[in-house]
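Descriptive structure summary
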Amino acid sequence: MPDQRPEMVHLPGGAFTMGSDHHYPDEAPAHRAVVRGFRIDRYAVTNDDFAAFVAATGHVTAAEIAPTAAEYPDALPDLLVAGSSVFRSPDRPVDLGNAYNWWFFVPGADWRHPYGPDSSIDGLGDHPAVHIGLADARAYAAWAGKELPTEAEWEYAARGGSEGTEFAWGRERGDELVPGGRLMANTWHGDFPLTNRSPDGYRATAPVGSYPANGFGLYDMIGNVWEWTADHYTGRHRGTTPSCCGGNGRAGDARAASVDPAAAAPGIPRRVIKGGSFLCAPTYCRRYRPPARMPQSEDTTTCHLGFRCVIRD
């Protein structure tokens, strides 16, 4: 097990305003939350980090294992192969209400092959590891002597000590996505999902630490890749948040409440993911803010989903 504490930042904990009443409904209500002290990874877990874990343990990720008809009885046979979800820009305007216009299941896509079997992570060692499922993130965390953050811990860290601002880069210009024209995070610039001007040169993930740190010295807390948290998803905040690592309610109740009955594979719980990604755009998805949140089925892997870990005091 490696000692990665030097790459972690200690946060003493405290009270903060969690959530928002001004954007997506599931961010509400804004409320006071309390977290105890913890250490959090300065960067998202990188391909090099994850490769060391796999070399030491032989771990095989969810994207590398073919699902079975018993697990997904309604799945088409050609989907019962190892693979993962990959973003592909369409070649014409499409209905923004249907994400399947740009998301595709790609056989052979996984953390080593982020865009399909003909791609690789050569030269991407310092990019965040993607196509990581919840079980994969938990396995890495256990190996490293860490855990996944709760939603409250993650949001507290992302805010960087700044209250009342849209973004995490301080009070002076914290309500501007690109303050003074300076790029602060890896997000989409252009007409989503067709055209990304990519002024920073990154059309997908960027190396961790490519943008300024927030007030706590943490990098890429918004943009680049979404990150797993430990909490089950609910459609709204409950108004109060436990003070430490207990998640968002009793485990059994929270797990059951997180299930989407309309999902293609019903019965699979969902977790909160945070931070947005390189695919977030002002014209489509404004979830590149600390209070923003999304549900993600525990079995899902994608080319813009990674994680970072914590150690609690």
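What comes next is a walk through the structure. All chains use their own residue numbering, which begins from 1 and follows the written sequence. Local features in this predicted model are restricted to residues of pLDDT 70 or higher, and side-chain atom pairs are both shown and tallied only at a pLDDT of 80 or more, whereas totals for entire chains, interfaces and linings draw on every residue. Excluding hydrogens and water, the side-chain figures rest on all heavy atoms present in the structure.

Below, the discussion takes up the sheet that holds strand β1 (residues 8-11). The sheet built from three strands is open, its strands ordered β1-β4-β11 with antiparallel pairing. Two strands bound the open sheet, and with one partner strand each, they are β1 and β11 (310-312). Each adjacent strand pair in this sheet contributes to an overall mean axis angle of 20°, direction not counted. Contacts between helix α3 (residues 151-159) and the sheet are confined to β1, β4 (38-41) and β11, with β4 contributing the most and set at about 70° to the helix. Two strands pair if DSSP finds at least two bridges between them. The secondary structure listing takes helices from DSSP runs of H or I that are at least 4 residues long and strands from runs of E that are at least 2 residues long, numbered from the N terminus. Think of each axis as a best-fit line through the C-alpha atoms, taken over the contacting stretch in the case of a helix, with angles from 0 to 180 degrees between the N-to-C directions. Any two residues whose heavy atoms approach within 4.5 Å are treated as being in contact.

Only rings of Phe, Tyr and Trp enter the pairing, Trp through its six-membered ring, and a pair is recorded when the two centres are within 6.5 Å. The plane angle decides the type: under 30 degrees is stacked, over 60 is edge-to-face, the rest tilted. In total, this model carries 19 aromatic pairs according to the counting rule given. Considering the side-chain rings of F87 and W188, the 5.7 Å spacing of their centres and the 80° angle between planes classify their relative orientation as edge-to-face. Taken as a pair, F87 in strand β5 (residues 83-87) and W188 in the loop between α3 and β7 (226-232) lie far apart in primary sequence, 101 residues in all. This pair shows no difference in class: F87 is buried, exactly as W188 is. Members of the aromatic cluster, each reached through a chain of ring pairs, are F50, F53, W111, Y140, W143 and F307. As a reminder, the over-ring test applies to NZ of lysine and CZ of arginine, requiring each to be within 6 Å of the ring centre and within 35 degrees of the ring normal. Here the guanidinium or amino end of R287 rests over the ring plane of Y24, the centre of that ring lying 3.6 Å away. The rule is simple: take the accessible area with a 1.4 Å probe, protein chains only, and divide by the maximum for that residue type; under 20% is buried, over 50% is exposed, in between is partly exposed.

A cavity here means a set of points on a 1 Å grid, drawn over the protein atoms and nothing else, where a 1.4 Å probe fits but cannot get out; a pocket is an open set with protein on both sides within 12 Å along at least five of seven lines, and a residue lines either one if it has an atom within 4 Å of a point. Grid points are joined across faces, edges and corners, and a volume is the space filled by probe spheres set on the points. As enumerated under the stated definition, the model contains three cavities of 30 Å³ or more in all. Each pocket or cavity is described by its volume, and for the second largest cavity that value is around 90 Å³. For the lining of the second largest cavity, the residue count by class is nine nonpolar, one polar and one charged. Side-chain classes follow a simple rule in which Ala, Val, Leu, Ile, Met, Phe, Trp, Tyr, Cys and Pro form the nonpolar group, Asp, Glu, Lys and Arg form the charged group, and the remainder, Gly included, forms the polar group.

By way of backbone hydrogen bonds, the strands of a sheet pair with one another, either parallel or antiparallel. The four strands lie next to each other as β9-β8-β7-β10, forming an open sheet whose pairing is mixed. Because the sheet does not close on itself, it has two edges, and the strands there are β9 (294-297) and β10 (305-306). Two elements, β7 and strand β8 (residues 270-274), share three bridges in a ladder whose sense is antiparallel. Bridge pairing links E227 to K274 in β8.

This part is about the packing of helix α1 (residues 47-57) against helix α2 (residues 134-143). Running from N to C, α1 and α2 cross one another at 75°; their axes reach a closest spacing of 11 Å. Taken together, α1 and α2 sit at an angle that is classed as roughly perpendicular. Taken together, the residues of α2 that come into contact with α1 (itself represented by D49, F50, A52, F53, A56 and T57) are D136, A139, Y140 and W143. Class assignment of the residues belonging to the contact of α1 with α2 gives a composition of seven nonpolar, one polar and two charged. Working definition: roughly parallel below 35 degrees, roughly antiparallel above 145 degrees, roughly perpendicular at 65 to 115 degrees, and oblique for all remaining angles.

Attention now moves to the pattern of salt bridges. By salt bridge we mean one thing: a side-chain nitrogen of Lys or Arg within 4 Å of a carboxyl oxygen of Asp or Glu. For the structure shown, the criterion picks out 15 salt bridges. Notably, a salt bridge pairs R32 with E163, separated by 3.6 Å at the nearest N-O pair. Residue R32 is located in strand β3 (residues 31-35), and its partner E163 is located in the loop between α3 and β7; the two are separated by 131 residues in the primary sequence. Classification of E163 as partly exposed rests on a relative accessible area of 29%. We note a salt bridge from R312 to E147, for which the minimum N-O separation is 2.9 Å. A residue pair is termed long-range when its members are at least 10 positions apart, and R312 in strand β11 and E147 in the loop between α2 and α3 qualify at 165 residues. Overlapping salt bridges bring together E151, E155, R159, K274 and R293 as one network.

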